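# Close look at the chain arrangement
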Amino acid sequence: MMLTAQPRSTALSSEIQHVLTVRAPKIITGGRRKFMSKRRISQVKAVIQSGNNKKTVENSAEESKLVSSGKSGNLDVKAVITLRKKMKEKMTDKIEDQWESFMNGIGRGILIQLISEDIDPVTKSGKIAESYVRGWLAKPSDHPYIVEYAANFRVPRDFGRPGAIIITNFLDKEIHLLQIVVHNFNEGPIFFSANTWIHSRKDNPESRIIFQNQQAYLPSETPPGIKDLRREDLLIIRGTGKGERKLHERIYDYDVYNDLGNPDKSEDLARPLIGGKERPYPRRCRTGRSPTKTDLLAERRIEKPHPVYVPRDETFEEIKQNTFSAGRLKALLHNLVPLIAATLSSSDIPFTNFSDIDKLYNDGFELKDDEHSQKNKFLSDTLDKVFSVSKRLLKYEIPAIIKRDRFAWLRDNEFARQALAGVNPVNIELLREFPIVSKLDPAVYGPPDSAITRDLIEQELNGLTVEEAIEDKRLFIIDYHDMLLPFIGKMNSLPGRKAYASRTLLFHTSRGVLKPIIVELSLPPTPSSPRNKYIFTHGHDSTSHWIWNLAKAHVCSNDAGIHQLVNHWLRTHACMEPYIIATHRQLSSMHPIYKLLHPHMRYTLEINALARQSLINGGGVIEACFSPGRYSMEISSAAYKSMWRFDMEALPSDLIRRGMAVEDSSMPLGVKLVIEDYPYAADGLLIWSAIKEYVESYVEHYYSEPNSVTSDVELQGWWNEIKNKGHPDKKDEPWWPKLVTKEDLSGILTIMIWIASGQHAAINFGQYPFGGYVPNRPTLMRKLIPSEDDPSYENFILHPEFTFLASLPTQLQATKVMAVQDTLSTHSADEEYLHQVHELQRFSLNDHEVLKISERFCAKLEEIEHTINQRNKDNRLKNRSGAGIPPYELLLPTSGPGVTCRGIPNSISI
């Protein structure tokens, strides 16, 4: 029978369109350890001989071979295979496409094996039918990047429903398989949605297994014909833990952070291993590269533009790659002029007045014609040409924080408002005890009592005593003292870095406005000064006003560092990575919990690998532009050791732990906010509640039977691996939730989905809108605050603006971090949002009850969006409305592409 390319079936059209716009989920499945085992070979009527020469399969009427026993009478079925080509093809790609079409045309390109869910009584395994994809030219679909082929099969009528497909790629390059649809079975079209890369057999002789994904199966419910394949697939994905990973592989395993330094390049770039007893940390995806020559515990680095290994299906798709590349180009252009200016100058250039900063948004960069640039006329002329043609790219967008009110950042109420509605609203705590006491060792860090006294506080309390203010829950603190003080000495030894460990006390006034009242800045004790604690309050004269602004800038610098290294990188990116690795290693793609989590894992491993390559690595952007410098990841590790708990990552639990909410059974979710106008918490609880309800309904659907959670071997292996391999440095902590009941499971999954979606959105997509104006959130400070006996104090009195700006990051540091913040705050055009879960599940499940559950979830998110929009119009809520106040939209579920300061993606994708 002739196997030819087939016209596209109408059943595919809506899904293919979805793949190319919203994008269908990537069901990631495994391959078999061998092309076919000896037992399997003996079952087929003809052995497919292949090797380096890939012998031609004889053309005969037996091209579609029957490989299972059955009753007389056959059924002709057809499999339509949909592949995606590159959107931007080079000439070599087009030539390879023609070769691919030719190889498929002669039946030597792609082999398809249908595996039945039913057992063959003779072989005691799933029935098999196989055929080559065939056809001289692929029939193009309506979309230019989609091609379709077909393979015809003749199977016995009692073959049963196909439950898996084994696909072998004999072409010389990998192919991107979107889906396979099998027609003519009684059940109607059977979909095998894949959206996966299939490696070439020349790279790896193993075939790939693709499971049908219209129905989810718990391990005990797996159809008998594909039980072995389910186990085999997971074994392949886990790998052996040995050898260097190749880019075409799809193996998931764990390792420590031993690839951040580059000791072979420079001693200054050596970095300690992160992960282990001394510096505990979550684990990353293993790459298996050889050790460095200088340090056998450090892994050899891969530098840009070469890619770091992540399992093949975790890499960015083409639209995302283009968005990210455009961001890097913009970053290059943004930094071009300051970089050259710094090169031509004796030192990096500070901002000298606020007009220098304004020019970043109004005019772009300008290189002044000083004597250095005059000496290099060619360079000057070249810059003129670049500047003239790239002016639009050299200009920054005006950040949201100054778009409505350019002086908002100076005001105390805006400083306090951002603790509740800014990009880092997760560190403010209720002050519950006085006096404030450090938990650090006094023998090393000096007297534990804070320098903040009762008299200082009560001057700002409008007649209240400290005890009354604490009892009324009106005093709050942002306390970075204990987290930073152990590192301040080392940080301040770095060139161009001067920092304090800060405490900030805030008072919630009777008018419902939060205001900062005291800042304490501490340095490590010295023999001559055992108590290096400095107190600052807002003053009523110009000198104290500028000193107060410098103190607030130091607080903001601490806040920016803790936000980036702890709340953003550690608590979302780094902690999510082991959950993703364990999900792939322990849960089959047929497992209902895999299907639930799959949309929330997209792109995270890739963006984390890029961060290890360029952001958190030795000499990377974080070290270059944030106060902790080379000690950044050590601070992140210390925070993980001292404060990270899985159970406290639940939003209600975190709010209660920080004293920002109290338990109240009369309220939804059983919590009541201490400050009602707390936009992050108020909107976050709406999103948390919707996720919780969605997850509970989903889990109830699949785990309705008693003991169904404890008897699920894959699920139990998944949770054990997360604790013991993903977070092994904390595996013995008593606070890990048990996994016994469906309630336990729902709680665990709700935390994971919240972290990947709402939590990450709230602390990521406001980075440029709030941090893009350097004085609002300086990422480092370069000078300590001058005191009256300081030689620089006289200059401060004469030029306070210059002193303030000279303390901020230099122009190069500022523009470098602004470019990164701009990229990290950008939604890609192929972003998948939380409200699209139903649309995604429509193609991965044929379970009407689950689809109803996801429909209710999406409808709930629509209601939440309306509620948030109404809150932003409520004049009583001063932290999200008012003159010059930007609305709080970071937890609005929807967004378009670009820097929007809104939108909740399903996953940590940037």
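The present account deals with the structure reproduced in this document. (Residues numbered from 1 in each chain as written. Predicted model: local features only at pLDDT ≥ 70, side-chain atom pairs only at ≥ 80, totals over all residues. Heavy atoms only, no water.)

As a further point, take the sheet that holds strand β14 (residues 475–479). Taking strand neighbours across the sheet as the criterion, the 5 strands line up as β13-β14-β15-β16-β17 in an open arrangement whose pairing is antiparallel. Looking along the sheet, the strands with just one partner apiece sit at the ends: β13 (429–430) and β17 (533–536). Bridging between strand β16 (residues 514–522) and β17 involves 4 bridges; their strand directions are antiparallel. Bridge pairing links Glu520 to Ile535 in β17. Contacting β15 (501–508), β16 and β17, helix α16 (residues 542–586) runs over the sheet at an angle of about 80 degrees to β16. (Pairing = 2+ DSSP bridges. Helix = DSSP H or I, 4+ residues; strand = E, 2+ residues; numbered from the N terminus. Contact = heavy atoms within 4.5 Å. Axes fitted to C-alpha atoms, helices over the stretch in contact; angles between N-to-C directions.)

Before going further, it helps to examine the pairing of strand β7 (residues 162–169). The element β7 is largely enclosed, with a buried count of 8 among its 8 residues. Where strand β3 (residues 110–119) and β7 come together, 7 bridges link them in antiparallel fashion. Of the residues in β7, the one forming a bridge with Leu114 is Ile165. Here β7 pairs with strand β10 (residues 208–211) via 4 bridges, running antiparallel. What sits directly across from Ala164, in β10, is Phe211. (Buried < 20%, exposed > 50% of the residue type's maximum accessible area, 1.4 Å probe, protein only.)

The relative placement of two packed helices comes down to the angle between their axes together with the axis-to-axis distance. In contact at an axis separation of 10 Å, α16 and helix α18 (residues 604–614) are set at 125 degrees when each is read in the N-to-C sense. The angle between α16 and α18 falls in the class oblique. When you trace α16 past α18, the crossing you get is left-handed. Here Trp569, His573, Ala574, Glu577 and Ile580 of α16 lie close against α18, whose contacting residues are Thr604, Leu605, Ile607, Asn608, Ala611 and Arg612. (Parallel < 35°, antiparallel > 145°, perpendicular 65-115°, else oblique. Left-handed = near helix turned anticlockwise from the far one by under 90°.)

Our focus in this paragraph is the pattern of salt bridges. The tally for this structure, following the rule as stated, stands at 43 salt bridges. Across the pair Asp683 and Arg880 runs a salt bridge, and its minimum N-O distance is 2.5 Å. With Asp683 in helix α22 (residues 679–702) and Arg880 in the loop between α30 (848–871) and β21 (898–899), the pair connects residues that are 197 residues apart, well separated along the chain. With a relative accessible area of 2%, Arg880 lands in the buried category. Shared partners join several salt bridges into a network, and the residues in it are Asp255, Asp259, Arg284, Arg289, Glu299 and Arg612. (Salt bridge = Lys/Arg side-chain N within 4 Å of Asp/Glu carboxyl O.)

End to end, helix α24 (residues 742–764) covers 32 Å across 23 residues, agreeing with the expected 33 Å (1.5 Å per residue, within 8%). Bending of α24 peaks at approximately 45 degrees at the position of Ile755. For α24, a buried count of 19 out of 23 residues is recorded, marking the element as mostly surrounded by other parts of the structure. (Expected span 1.5 Å × (residues − 1). Bend = angle between axes of the 7 residues up to and from the residue.)

What follows concerns the packing of aromatic side chains. One pass over the structure, following the stated rule, counts 28 aromatic pairs. Summarising the aromatic geometry, the rings of Phe316 and Tyr603 are spaced 5.0 Å apart at their centres and angled 75 degrees between planes, so their arrangement reads as edge-to-face. In this pair, Phe316 is assigned in the loop between β12 (284–285) and α5 (318–344) and Tyr603 in the loop between α17 (592–597) and α18, connecting sequence segments 287 residues apart. The pair Phe316 / Tyr603 is uniform in exposure class, with both members buried. For the ring pair Tyr694 and Phe857, a centre distance of 4.4 Å and an interplane angle of 10 degrees mean the geometry is stacked. Here Phe857 lies in helix α30 and Tyr694 lies in helix α22, a separation of 163 residues in the sequence. Taking relative accessible area as the criterion, Tyr694 reaches 3% and is therefore assigned buried. Here the aromatic cluster, defined as three or more aromatic residues joined through ring pairs, consists of Tyr257, Tyr281, Tyr579, Tyr640, Trp644, Phe646, Trp718, Trp719, Trp735 and Trp736. Here the basic side chain of Arg312 rests over the ring of Trp197, its NZ or CZ set 4.1 Å away from the ring centre. It is Lys730 that lies over the ring of Tyr640; its NZ or CZ is 5.1 Å from the centre. (Phe/Tyr/Trp six-rings, centres within 6.5 Å; stacked < 30°, edge-to-face > 60°. Lys NZ or Arg CZ within 6 Å of the ring centre and 35° of its normal.)

Attention now goes to the side chain of Gln759. Mapped onto the secondary structure, Gln759 falls in helix α24. Look at Gln759 and you get buried, because its relative accessible area is 5%.

Looking now at the packing of α22 against α24. Between α22 and α24, the shortest axis-to-axis distance is 8 Å and the interhelical angle comes to 140 degrees. Looking at the two axes, α22 sits oblique to α24. With respect to the hand of their crossing, α22 and α24 are arranged in right-handed fashion. Residues Tyr680, Gly684, Ile687, Trp688, Ile691, Lys692, Val695, Glu696, Val699 and Glu700 of α22 touch α24, and the partners they reach there are Lys742, Leu745, Ser746, Leu749, Thr750, Ile751, Ile753, Trp754, Ser757, Gln759 and Ala762. Residue classes in the contact of α22 with α24 are distributed as 12 nonpolar, 5 polar and 4 charged. (Nonpolar A, V, L, I, M, F, W, Y, C, P; charged D, E, K, R; others polar.)

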